[in-house]
Amino acid sequence: MKPLGLLVMHYGTPASIEEVLPYYTHIRRGRPPTPEALQDLIDRYEAIGGPSPLTEISRRQAEAILAGLHRRGVDAKLYVGTKHAPPFVADAVNQMAEDGIDHAVGLVLAPHFSTFSIAAYRNYALTARDKVRPEMRIDIVERWGTLPELIDALADRVRHEMDGWDPDETLVIFSAHSLPEKIVAAGDPYQEELLETSRLVAERADVPHWTFAFQSASNTGEPWLGPDILEVIEENAPKYKNIVACTVGFVSDHLEVLFDLGIEARDKSAELGLNFRRAATINDDPAVMDALAGLVSQAAQA
């Protein structure tokens, strides 16, 4: 019997500063960025000691999920594909086809469904499958934002950062990547799923004061979901002494976490006289990765 294909997908990141240009151009659908925009992105990567650790962390996450499948007695083979950097999702699907995989389960390393994220990855995978091995079955885990192990892990991280601070003087700001505002009119569940995760984490961590903000919006000339986290910090500066930033939308340390939260949000808080701490991201948390293996196993048996 052939092994199950485990297709783990993530956003991707340049492997070096020299690869920022092709990466950025791919994000822009083949349109090269202006020299100013390119330099701004390079500066951000250099500020975090670039390049981003996303690829390495995602590899560890994928291998931990594979190990969880093996512990459950599932014979599986790992394939990793990304949205914007080699190896792309299509590359991973092509390899599965070459290996003769008949059934695969795809998991995106992002907990919340959106037509701009999970649905896009699913489309990449299925389009590639249809070209090279139409008979291969690919099931996609579409959401895992309420996974109990994820909620527990995030709550633990929030509690850790609140240690020693008066809860009544502390605001916890949950965040995730902004997306174009037009998704709301289209009925996209992204925002509602993010708020549900935030509520569950706040309840589990017994947080008295919390809110939600978006971050990392792109300058595309159209409205993006808000409010932005920097605006939320500024608006709440008169009410609190301490800020804890906890991303519920990102599960790996990378540019949007290390720079947008670790530098920009930190500096904005300092400018306003606020204490700031960032809750650690999930990364390859063993309990969460094992729980994801459980979801993949369930999807494989459905």
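Residues numbered from 1 in each chain as written. Predicted model: local features only at pLDDT ≥ 70, side-chain atom pairs only at ≥ 80, totals over all residues. Heavy atoms only, no water.

Undergrad: Just checking my understanding: could you explain the overall build of the protein chain for this structure?
TA: A count of helical and extended segments in the protein chain gives twelve helices and eight strands. Taking 19 Å as the expected radius of gyration for a compact globule of 302 residues, we find that the protein chain reaches 20 Å, a close match to that expectation. Taking the principal axes of the C-alpha coordinates as reference, the protein chain spans close to 60 × 45 × 40 Å. Taking the contacts inside the protein chain whose residues are at least 6 apart along the sequence as the reference set, 79% of them involve residues at least 24 apart. Of the roughly 13,600 Å² that the protein chain leaves accessible, carbon and sulfur atoms contribute 50%. Here the protein chain holds 28 positive side-chain charges and 46 negative ones, and the gap between their average locations is 5 Å. (Helix = DSSP H or I, 4+ residues; strand = E, 2+ residues; numbered from the N terminus. Rg over C-alpha atoms; globule rule 2.2 N^0.38 Å. Contact = heavy atoms within 4.5 Å. Areas by Shrake-Rupley, 256 points an atom, 1.4 Å probe, with all protein chains shown as cover. Lys, Arg positive; Asp, Glu negative; His and termini not counted. Charge placed at Lys NZ, Arg CZ, Asp CG, Glu CD.)

Undergrad: Would you explain the nonpolar core in this entry?
TA: The tendency in soluble globular proteins is for nonpolar side chains to be buried as a group. Formed by 51 residues in total, the largest nonpolar core has its most connected members in Ile65, Trp144, Val158 and Phe174. Residue-level mapping places this core at the junction of two domains, with at least three residues from each of domain 1 (4-143 + 285-301) and domain 2 (148-278). When neighbours within four sequence positions are excluded, isoleucine 65 is seen to be in contact with Leu6, Leu107, Leu109, Met289, Leu292, Ala293 and Val296. Met9, Tyr79, Ala92 and Ala119 belong to the second-largest nonpolar core, a separate cluster that totals 20 residues. (Core = buried A, V, L, I, M, F, W, Y, C linked by side-chain atoms within 4.5 Å. Buried < 20%, exposed > 50% of the residue type's maximum accessible area, 1.4 Å probe, protein only. Domains from an automatic or database assignment.)

Undergrad: Is there a simple way to explain the domain arrangement of the protein chain in this structure?
TA: Where interface size is given, it is often the accessible area lost as the parts come together that is meant. With domains assigned, the protein chain is organised as domain 1 (4-143 + 285-301) and domain 2 (148-278). A separation of 24 Å is found between the C-alpha centroids of domain 1 and domain 2. Each partner contributes to the interface: domain 1 provides 23 residues, whereas domain 2 provides 26 residues. Connecting domain 1 to domain 2 are nine residue pairs in polar contact (both at pLDDT 80 or more). Elements that contribute at least two residues to the side of domain 1 that touches domain 2 include exactly helix H2 (35-47), helix H3 (54-71) and helix H12 (286-301). (Polar contact = N/O pair within 3.5 Å; in protein donor to acceptor, adjacent residues only side chain to side chain.)

Undergrad: Could you clarify how one ought to interpret the pattern of salt bridges in this entry?
TA: Note that side chains of opposite charge can pair when their charged atoms are close. Overall, the coordinates contain 29 salt bridges when judged by the stated rule. Note that aspartate 40 is salt-bridged to arginine 44, the shortest N-O span being 3.2 Å. Remark: arginine 44 and aspartate 40 occur in helix H2; sequence separation between them is four residues, near one turn of the helix. The exposure class assigned to aspartate 40 is partly exposed, which follows from its relative accessible area of 40%. We classify arginine 44 as partly exposed; its relative accessible area is 21%. A salt bridge links glutamate 169 to lysine 241, with the nearest nitrogen and oxygen atoms 3.5 Å apart. With glutamate 169 in the loop between helix H6 (148-162) and strand S5 (170-177) and lysine 241 in the loop between helix H9 (229-236) and strand S7 (242-247), this residue pair connects regions lying 72 residues apart in the sequence. (Salt bridge = Lys/Arg side-chain N within 4 Å of Asp/Glu carboxyl O.)

Undergrad: Quick question: what am I supposed to make of H9 here?
TA: Two residues of an α-helix separated by three or four positions point the same way, owing to the 3.6 residues in each turn. Of the positions making up H9, those classed as buried are Ile229, Val232, Ile233 and Asn236. Each buried residue of H9 lies within a common arc of 100° when the element is viewed along its axis, so the set occupies one face. At its buried positions, H9 is contacted by S5, strand S6 (210-215), S7 and helix H11 (260-271). Its side-chain oxygen at 2.9 Å from the backbone nitrogen of leucine 230, aspartate 228 defines the N-terminal cap of H9. (Arc of directions from axis to C-beta.)

Undergrad: What is the right way to read the sheet that holds strand S3 (residues 103-108) from this model?
TA: The pairing of strands in a sheet comes from backbone hydrogen bonds and takes either a parallel or an antiparallel form. Spatially, the four strands line up as an open sheet ordered S2-S1-S3-S4, and their pairing is parallel. Single-partner strands in this sheet number two, and they are strand S2 (76-82) and strand S4 (137-141). Geometrically, the sheet is characterised by an average inter-axis angle of 25° between neighbouring strands, direction not taken into account. Judged from the five bridges that link them, S3 and S4 form a sheet pairing that is parallel. In the strand pairing of S4, alanine 104 is matched with isoleucine 138. The strands touched by helix H5 (residues 118-132) within the sheet are strand S1 (4-10), S3 and S4, with S4 carrying the most contacts at an inclination of about 175°. Along the sheet, H12 contacts S1, S3 and S4; its crossing angle with S3, the most-contacted strand, is approximately 145°. (Pairing = 2+ DSSP bridges. Axes fitted to C-alpha atoms, helices over the stretch in contact; angles between N-to-C directions.)

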